[in-house]
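Structural characterization, general
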Amino acid sequence: MRIAVLSQGPELYSTRRLVEAATARGHEVRVINPLECYMNINMRASSIHIAGEELPPFDAVIPRIGASITFYGCSVLRQFEMMDVYTLNGSVAVTRSRDKLRSMQLMSRRGIGLPITGFANKPSDIPDLIDMVGGAPLVIKLLEGTQGIGVVLAETRKAAESVIEAFMGLKANIMVQEYIREANGADIRCFVLGNKVVAAMKRQAAPGEFRSNLHRGGTASLVKLTPEERSVAIRAAKTMGLSVAGVDLLRSNHGPLIMEVNSSPGLEGIEGATGKDVAGSIIAYIEKSVLKRPKLSGPQG
Ligand code: ADP
């Protein structure tokens, strides 16, 4: 097959591993920077160009679109869909997954366990918002944050009020969430591929830190999932419409709570912690999916 990896960083671990795994399985791979693509939206012959050259046909596209270029990156991905190319994650699902609040609303409708979460616009609603999520301590999150940046633990009601007011003053979109203390600064990353969790790791925050992101000094280790955790992670990815997803959950006193579903989960942490060839599994999954895929025409929405 001819496979394109849509990524801005050919040198990034995840991109390199996908190229390596695809090449090892006999495929031809090209890394394409979505920002270098320009497109012809045309009734008969849609096409994608880079520096004066029209891209050759591809059988499959693996989107690895950074959060900061979601809009343009997803337009390029949609263009591949219009050209009837199989995309590992679709443009609609990737766009949807980038909005944390929208993702949580979709999951709650499907009965998936989530931390109690509130969202408001007016400063005068702050006291009620804090009560709604059970009072302090609570977690305040910027809707567009990644890698733990923009996630704040407010220990007291006063602190919560000031931080929420400050974010609102900056016109930042935030959500307010109950603090799951019993998670003890740890979360679980489930790497979902189709109907399976192919790898899972526990991330533990650095001492004195509640955010377990590896970018914030967290450490990763192998973890055994409960059947409930496994099934809720798969359901979360399905609800979002993602074939590949990094589903983050917290272990609470009343079962697993989904925190986030990531549509471009990194491979370095999970392959390092589990020793599994996740990149190889992704390519094998694409091979199967392309074979049994019905021919569609046009974008998926
Ligand atoms: P990001 O998308 O920026 O990584 P997250 O929502 O995943 O933001 O939060 C970062 C980290 O903070 C999580 O991995 C988790 O360890 C911790 N955390 C987030 N929300 C909560 C919460 N409600 N209760 C306890 N810990 C939390």
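Everything quoted here is computed from the prediction, not taken from an experiment.

Calculation notes
- Residues numbered from 1 in each chain as written.
- Predicted model: local features only at pLDDT ≥ 70, side-chain atom pairs only at ≥ 80, totals over all residues.
- Heavy atoms only, no water.
- Pairing = 2+ DSSP bridges.
- Helix = DSSP H or I, 4+ residues; strand = E, 2+ residues; numbered from the N terminus.
- Contact = heavy atoms within 4.5 Å.
- Axes fitted to C-alpha atoms, helices over the stretch in contact; angles between N-to-C directions.
- Expected span 1.5 Å × (residues − 1).
- Buried < 20%, exposed > 50% of the residue type's maximum accessible area, 1.4 Å probe, protein only.
- Arc of directions from axis to C-beta.
- Domains from an automatic or database assignment.
- Buried area = accessible area lost by both parts, 1.4 Å probe.
- Salt bridge = Lys/Arg side-chain N within 4 Å of Asp/Glu carboxyl O.
- Polar contact = N/O pair within 3.5 Å; in protein donor to acceptor, adjacent residues only side chain to side chain.
- Nonpolar A, V, L, I, M, F, W, Y, C, P; charged D, E, K, R; others polar.

**Quick notes on the sheet that holds strand E7 (residues 86–87)**
The strand order E2-E1-E6-E7 describes an open sheet built from four strands, whose pairing is parallel. At either margin of the open sheet sits one strand with a lone partner, and together these are strand E2 (28–32) and E7. Pairing analysis gives two bridges linking strand E6 (residues 60–64) to E7, with the strands arranged parallel. Opposite Ala60, over in E7, you have Tyr86 as the bridge partner. Against the sheet, helix H1 (residues 13–24) touches strand E1 (2–7), E2 and E6, its axis set at about 160° to E2. Along the sheet, helix H2 (residues 70–82) makes contact with E1, E2, E6 and E7, crossing E1 at roughly 165°.

**Focus: H1**
With 12 residues, H1 should reach 16 Å at 1.5 Å per residue; the first-to-last C-alpha distance of 16 Å fits that figure. What H1 keeps buried is the set Ser14, Thr15, Arg17, Leu18, Ala21 and Ala22. Across the axial projection of H1, the buried residues extend over an arc of 165°, all falling on one side. Tucked inside the fold, the buried residues of H1 contact E1, E2, E6, helix H8 (268–274) and helix H9 (278–291). In the segment just after H1, Gly26 is the residue with positive phi, at about 90°.

**Considering the domain arrangement of the chain**
Under the domain assignment used here, the chain contains domain 1 (2–89 + 285–291), domain 2 (97–113 + 182–263) and domain 3 (117–179). Opposite the 11 residues of domain 2 that make contact, domain 3 presents 16 residues. Buried area between domain 2 and domain 3, summed over both chains or domains, comes out near 1200 Å², and the portion from carbon and sulfur atoms is 61%. Three residues, Lys100, Leu101 and Phe210, lead the burial of domain 2 against domain 3; their summed loss comes to 48% of the area buried on that side. Across the contact surface, domain 2 and domain 3 share zero salt bridges. The interface formed by domain 2 and domain 3 contains zero residue pairs in polar contact (both at pLDDT 80 or more). Looking at which element gives the most residues to the side of domain 2 that touches domain 3, the answer is helix H4 (residues 100–109), with three residues. Partitioning the side of domain 2 that touches domain 3 into residue classes produces four nonpolar, two polar and five charged.

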